[in-house]
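Chain by chain, the residues run as shown.
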Amino acid sequence: MEEKGDKNESFEAKDFGWLVAMSILFFALVVVGFWFEFSTDWGSYQQEFPQLLGHYGKVEDARDFRAGIKQIWIPKIGVTDRCITCHLGYEWSSVLPATIAEPLKPHPMNDWLVKHEFARFGCTPCHGGDGSATTLAGSHQGGRGWEDPMLSRALAGQNGLTMNEMIQMRCNFCHRHDVATPGMEEINLAKQLVIKKKCLICHVVEGRGGVTGPELTYEADRNPELLSFAHVHGERTMFNWNVQHLTQASVVSPNTQMPDFNMKPEESRALTLLLLSWRRLPYPPEYIPDPQVAAAAMQPSPTSTATPTPIAR
Amino acid sequence: MDFDRRRILKFIGKGSVLAAFLGQIGAAGRAFFPNVLYEPPSRFKLKRPGDYPDGYTLDEAHRLYVIRQKDAFHVISAICTHLGCNVQWKDTEFDCPCHGSRFHPDGTVISGPAPRALDWFATTVSPDGFLQVDSAQEVARDFRLLVGAKGKA
Amino acid sequence: MGDKIKGLWRKTSWAWSPDSERESSEAIVKNFWLHWFPAKVARASMDWNYSFWLGTASAALLLILTVTGVMLMFFYVPSTERAYGSIKDLQYAVSFGRLLRNQHRWAAEGMVAIVYIHMARVFFTGAYRGTRAVNWVVGVVLFLSTLLLSFTGYLLPWDQLAFWAITVGTSIAKQAPVVGPTIQFILLGGHEIGQQTLLRFYVLHVFFLPVFALVLFAYHMWRIRKDGGLAAIERVRNERTMAPKATPKTKSYSLFGITPGTSVQVMSSTGLEQSDQVFSSPNMSRRIALVFLIVFNITLLAALLFNAPLEGLANPSVTPNPAKAPWYFVWLQELVASTTVRMGGFTVSGALLGGILLPGFLLAVLTLWPWIDRSPLRTEGRWLAPERRRQNATFAVATLLVIVLIMVGVYLRGPYWRIYWPGQPRPEMPRFY
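Conventions we followed
Residues numbered from 1 in each chain as written. Chains lettered and ligands numbered in written order. Predicted model: local features only at pLDDT ≥ 70, side-chain atom pairs only at ≥ 80, totals over all residues. Helix = DSSP H or I, 4+ residues; strand = E, 2+ residues; numbered from the N terminus. Buried ≥ 20, exposed ≤ 12 C-beta atoms within 10 Å, placed from the backbone. Contact = placed C-beta atoms within 7 Å. Rg over C-alpha atoms; globule rule 2.2 N^0.38 Å. Pairing = 2+ DSSP bridges. Domains from an automatic or database assignment. Nonpolar A, V, L, I, M, F, W, Y, C, P; charged D, E, K, R; others polar. pLDDT = per-residue confidence, 0-100. Core = buried A, V, L, I, M, F, W, Y, C linked by C-beta atoms within 7 Å. Expected span 1.5 Å × (residues − 1). Axes fitted to C-alpha atoms, helices over the stretch in contact; angles between N-to-C directions. Parallel < 35°, antiparallel > 145°, perpendicular 65-115°, else oblique.

Focus: the overall build of chain C
In step 1: When helices and strands are tallied, chain C shows 16 helices and six strands.
In step 2: The C-alpha extent of chain C, read off along each of the three principal axes, is 105 × 75 × 45 Å.
In step 3: For chain C, the proportion of its 433 residues judged to be buried stands at 38%.
In step 4: Of all intrachain contacts in chain C linking residues separated by at least 6 positions in sequence, the fraction that spans at least 24 positions is 74%.

Put into structure tokens, the structure is as follows:
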């Protein structure tokens, strides 16, 4: 090596230190890359879960448990839900108690879950969020520009609602054509209000109604920026706009022809939930329930002022 | 820099690059093993036991027959062991429309080109009360899943 | 046995660590990968402070992008229904998918910047004179290819960011006189951005433009050899030919025998001396390996630290507010937004003025500069030559203006394209709930 003369050696000398340093850095970065890859949000839960199962006597299932990303894939409705990668206890309500902390907590078994099996619906049609994500933030809030965050107490509280009311809004994505549905009290009330307040005199909904006001068939898909928030107080949300607009339309839209209904808060809230449930969704016909079936399941409510009649949907 | 230190550093440097490069190859290779499959899983849920009538019920989507005799359940694959067509239950036997294979009610071959009996799949009840089939696990023809009033007996 | 392995190893790797000058010379003849190097390169070319090895860095980035790009091709689906989901899968469900995508994104953005800075370096050192003018033009075309590669790739995630950035970009293209609408029509495969656009951009991005760039890159390297090497050697050449050499003693033959003294000889060097050069193998190959390592480490670090952006699914009915072109085009968007001229009844669209004419003019001047340049040839291969002061300053100021416009477009423009200074609260955009 010395034969080449000191002109080569000087380059070798200059570069040597850098080459060694960059090589070590390269190695370190690859190690960090591997570490990132294996330090997932869901890894620790998947270690805990089989232990939990064993603790409650399900030794065989604990032994059969395989770690990895788990998903419910339903191409018919475009659902790829990886929530169950963390929410491992979802189908174990018969064994695991409800007192277990999230995310291993079992999904509470209730009347509507029985009819809305995981294999047919997944998670996100009812709960929102980004099912394709496998991180906490990615799946619950979604990334920037994700407009369908997971329903949560915080989100409901921000809008002055309960979780139950927010979920009813999503139920109505499919149950839109129901006359009335058991378990959806606020939406049922709203559907009756639509008849009582005679909304269809001025608005078209699903092909029927008047043209004085805008069509409302897919009101939930409307771009919020097209609304004027100049006279809306509070957060600039579609929700607030609609609640206040329904209560006193002339305040929110000064030159409107819509009368001031001066509705009670629960009425304007219910109607807003209904309006914001009117989305264009790609669900195939077998997912849309027969309108009369739910009506038949309804117990006549003592407070209803009229028997459910087929509403202009 | 004296010679020995240089050699050590050279060795560390080359070793680091080699290890890092192998790590990258490993990572790339790992990426080709899918973590999620866009296909029906081998283990899947059907309807609840109570939703099935007595006798032979075809599940077209999953290509199998659910057979119920009061509280006893078992599942036979509808995929003909000859060349994979769906066999048809004809009250007393399975007939395959493609090449004429015929099978007894328990899936064993009566006649035709089929080389072996129809598969019986392992069947359990899922934790939330649905019939669950594992098409990757076969069971013998004396397998019966007994379902009590509250699920698996 | 150990000796046999060592022998085998030596047989395959001798060219990379030659043990003698002879081996160094033979390396570039007998080794496939080294055959595009000359046997020796000028020391001046090896200098970090001359070229900063920016060209090598650009090539390193191209290699990284090609490798990561091919990996990505196994997972990405160029369909409007599936593209977004396939990117989400890369982020969340493919092992190392997030890092793969991140590295590709940051290498791409880095390459646009590095290629430009490389071009600036070539300009400032006047390294486009004489026969190098051809390589300059090739370089400009390579720069445009880099921009187009980045632009076509930008659409592929099919999110709001992608969709509307390409809407803005192709709308500017439409403003080109006469051919504009046709260009937009074939770029988009129609009048709207849809499946046909995505497929065209995909094929351009993964095949056509990379092949084009690779062929041009090969020619770019060929031209360097034909031009004798980097322009830095011109400075050395000038110095050598200007300096008189000491006359060595020689002998001459006279009628009656040998007489001492001097004979006819050259008084100065005609070019580079042996002492000005070093062997390519291992010096240049080692340096190139080092530059590749540094660039790779930087992109890997960026990939570990920062996620490539991904917004909501592309929605043709909802325009994000504001909608911005990718950063390397946002200066064009700034020009377009501010150069609409209304005179009496006539309106000259900003898209034409600021989007086509002005950049077109700049591009033409840039490309033809080697033939417009009037500074003396002795300035080539040097930094900050005083005779080049005016043109260097002009280039620098133009670059600075573009950078300022980019900063304004990226950081200061908010909803409705209004300016919001840092610290100034931005209006809360209405949301669903």
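Quick word on the overall build of chain A
In step 1: Within chain A, the secondary structure is distributed over 14 helices and four strands.
In step 2: For 313 residues, the compact-globule estimate of 2.2 N^0.38 gives 20 Å, and chain A exceeds it by more than 25% at 28 Å.
In step 3: Dimensions along the principal axes, computed over C-alpha positions, put chain A at roughly 100 × 55 × 35 Å.
In step 4: Across the 313 residues of chain A, 33% fall into the buried class.
In step 5: Taking the intrachain contacts of chain A between residues at least 6 apart in sequence as the baseline, contacts between residues at least 24 apart amount to 53%.

Digging into the pairing of strand β2 (residues 55-59) of chain B
All names here are of chain B.
In step 1: Bridging between β2 and strand β3 (residues 64-69) involves five bridges; their strand directions are antiparallel. Following the sheet pairing, Asp59 is matched in β3 by Leu64.
In step 2: Taking the residues between adjacent antiparallel strands as the criterion, β2 and β3 are bridged by four residues, where Arg63 takes a positive phi near 60 degrees.

Some words on the domain arrangement of chain A
All names here are of chain A.
In step 1: For chain A, the domain assignment lists domain 1 (43-140) and domain 2 (153-297).
In step 2: Distance from the C-alpha centre of domain 1 to the C-alpha centre of domain 2: 31 Å.
In step 3: The interface of domain 1 with domain 2 comprises eight residues on the first partner and seven residues on the second.
In step 4: Broken down by secondary-structure element, the contributors of at least two residues to the side of domain 1 that touches domain 2 are α4 (111-115) and α6 (124-127).
In step 5: Class assignment of the residues belonging to the side of domain 1 that touches domain 2 gives a composition of four nonpolar, two polar and two charged.

Some words on the interface of chain B and chain A
In step 1: Contacts between the two partners involve 17 residues from chain B, matched on the other side by 19 residues from chain A.
In step 2: Of all the elements, helix α1 (residues 3-31) of chain B adds the most residues to the side of chain B that touches chain A, at 10 residues.
In step 3: Across the side of chain B that touches chain A, the residue classes tally to nine nonpolar, six polar and two charged.

Concerning the interface of chain A and chain C
Accessible area lost when the parts come together is the quantity often used to give the size of an interface.
In step 1: Between chain A and chain C, the residue contacts involve 41 residues of the former and 37 residues of the latter.
In step 2: Elements with a contribution of two residues or more to the side of chain A that touches chain C: α1 (6-38) and α11 (238-247) of chain A.
In step 3: With 15 residues, α1(A) is the largest single contributor of residues to the side of chain A that touches chain C.
In step 4: For the side of chain A that touches chain C, a count of residues per class yields 19 nonpolar, 12 polar and 10 charged.

A short note on the confidence of the model for chain A
In step 1: Model confidence for chain A is summarised by a mean pLDDT of 88, while 92% of its residues fall at 70 or above.
In step 2: Taken together, the stretch residues 304-313 of chain A has pLDDT below 50 and engages in 19 contacts with residues farther than four places along the chain or on a different chain.

Section: the confidence of the model for chain C
In step 1: Residue-level pLDDT values for chain C average 91, and 98% of them are 70 or greater.
In step 2: Across the predicted assembly, pTM comes out at 0.88 and ipTM at 0.88.

Considering unusual backbone geometry
In step 1: Residue C:Pro282 is bonded to the preceding C:Ser281 through a cis peptide linkage, with omega at 10 degrees.
In step 2: The residue C:Pro282 is located in helix α13 (residues 280-305) in this model.
In step 3: In this structure, the amide linkage connecting C:Asn321 to the following residue, C:Pro322, adopts the cis form with an omega of 0 degrees.
In step 4: Along the chain, C:Pro322 falls in the loop between α13 and α14 (327-338).
In step 5: Although it is not a glycine, A:Glu206 sits at a positive phi angle of roughly 50 degrees.
In step 6: Counting through the fold element by element, A:Glu206 comes out in the loop between β3 (204-205) and β4 (208-209).
In step 7: Of note, C:Trp158 is a non-glycine position whose phi angle comes to about 55 degrees, a positive value.
In step 8: Of note, C:Trp158 is situated in the loop between α8 (132-155) and α9 (160-174).

Quick look at the nonpolar core
In step 1: Counting residues in hydrophobic clusters, the biggest one holds 100 residues, and the most contacted among them are C:Leu61, C:Met111 and C:Ala162.
In step 2: Here this core gets 12 residues from one element, more than from any other, and that element is helix α7 (residues 97-124) of chain C.
In step 3: The residues touching C:Leu61, leaving out its near neighbours within four places in the chain, are C:Ala107, C:Gly110, C:Met111, C:Ile114 and C:Val295.
In step 4: Grouped together as the second largest cluster of nonpolar side chains are 25 residues, A:Met166, A:Met169, A:Phe229 and A:Leu271 included.

Some words on α7(C)
All names here are of chain C.
In step 1: Along its 28 residues, α7 runs 40 Å from first to last C-alpha, staying within 8% of the 40 Å computed at 1.5 Å per residue.
In step 2: Along α7, 21 of the 28 residues are buried, which leaves the element largely enclosed by surrounding structure.
In step 3: Of the residues one or two after α7, Gly126 is the one with positive phi, at around 60 degrees.

Description of the environment of C:Gly312
In step 1: Relative to the elements of secondary structure, C:Gly312 occurs in the loop between α13 and α14.
In step 2: In this structure C:Gly312 comes out as partly exposed when scored by C-beta crowding, with 19 C-beta atoms within 10 Å.
In step 3: Linking C:Gly312 and C:Tyr84, residues 228 residues apart in sequence, is a C-alpha distance of 8.8 Å.
In step 4: Not counting residues within four places of it along the chain, the set of residues in contact with C:Gly312 comprises A:Gly145, A:Trp146, A:Glu147, C:Asp159 and C:Gln160.

Notes on α14(C)
Along an α-helix, a turn takes 3.6 residues, which lines up residues three or four apart on a common side.
In step 1: Its 12 residues place the ends of α14(C) 17 Å apart at the C-alpha level, agreeing with the 16 Å of an ideal helix rising 1.5 Å per residue.
In step 2: Looking only at α14(C), the buried set comprises C:Phe329, C:Val330, C:Trp331, C:Leu332, C:Gln333, C:Glu334, C:Leu335 and C:Val336.

Remarks on the pairing of strand β9 (residues 120-125) of chain B
All names here are of chain B.
In step 1: Across two bridges, the pairing between strand β4 (residues 72-77) and β9 is antiparallel. Of the residues in β9, the one forming a bridge with Val75 is Phe121.
In step 2: Note that β9 and strand β10 (residues 131-138) share five bridges and pair antiparallel. Directly across from Thr123, in β10, lies its bridge partner Val133.
In step 3: Once β9 ends, the chain turns through five residues before running back antiparallel as β10, passing Gly129 with a positive phi of about 95 degrees.

Things to note about the environment of C:Leu188
Residues and elements named next belong to chain C.
In step 1: If you trace the backbone, Leu188 turns up in helix α10 (residues 180-188).
In step 2: C-beta crowding within 10 Å serves as the criterion here: with 21 such atoms nearby, Leu188 is assigned to the buried category.
In step 3: Residues Leu188 and Asp227, spaced 39 residues apart in sequence, show a C-alpha to C-alpha distance of 40 Å.
In step 4: Once residues lying within four places of it in the same chain are set aside, the contact partners of Leu188 are Thr170, Ile193 and Thr197.

Some points on the packing of α8(C) against helix α15 (residues 350-372) of chain C
Residues and elements named next belong to chain C.
In step 1: At a closest axis distance of 9 Å, the pairing of α8 and α15 adopts a crossing angle of 175 degrees. One element, α8, and the other, α15, form an angle in the roughly antiparallel class. Contacts between α8 and α15 involve Ala133, Trp136, Val137 and Val140 from the first element and Leu366, Thr367, Pro370 and Trp371 from the second.
In step 2: The residue makeup of the contact of α8 with α15, split by class, is seven nonpolar, one polar and no charged.

So, the sheet that holds strand β7 (residues 102-103) of chain B
Residues and elements named next belong to chain B.
In step 1: With respect to topology, four strands assemble into an open sheet ordered β5-β6-β7-β8, the strand pairing being antiparallel. At either end of the open sheet lies a strand with only one pairing partner, and these are β5 (88-89) and β8 (109-111).
In step 2: The sheet contact formed by β5 and strand β6 (residues 94-95) spans two bridges and is antiparallel. Paired with Gln88 across the bridge in β6 is Asp95.

Some thoughts on the environment of C:Gln195
Residues and elements named next belong to chain C.
In step 1: Considering the arrangement of structural elements, one finds Gln195 in helix α11 (residues 195-226).
In step 2: Residues Gln195 and Gly85 lie 110 residues apart in sequence; the distance between their C-alpha atoms is 15 Å.
In step 3: When neighbours within four sequence positions are excluded, Gln195 is seen to be in contact with Ser79 and Thr80.

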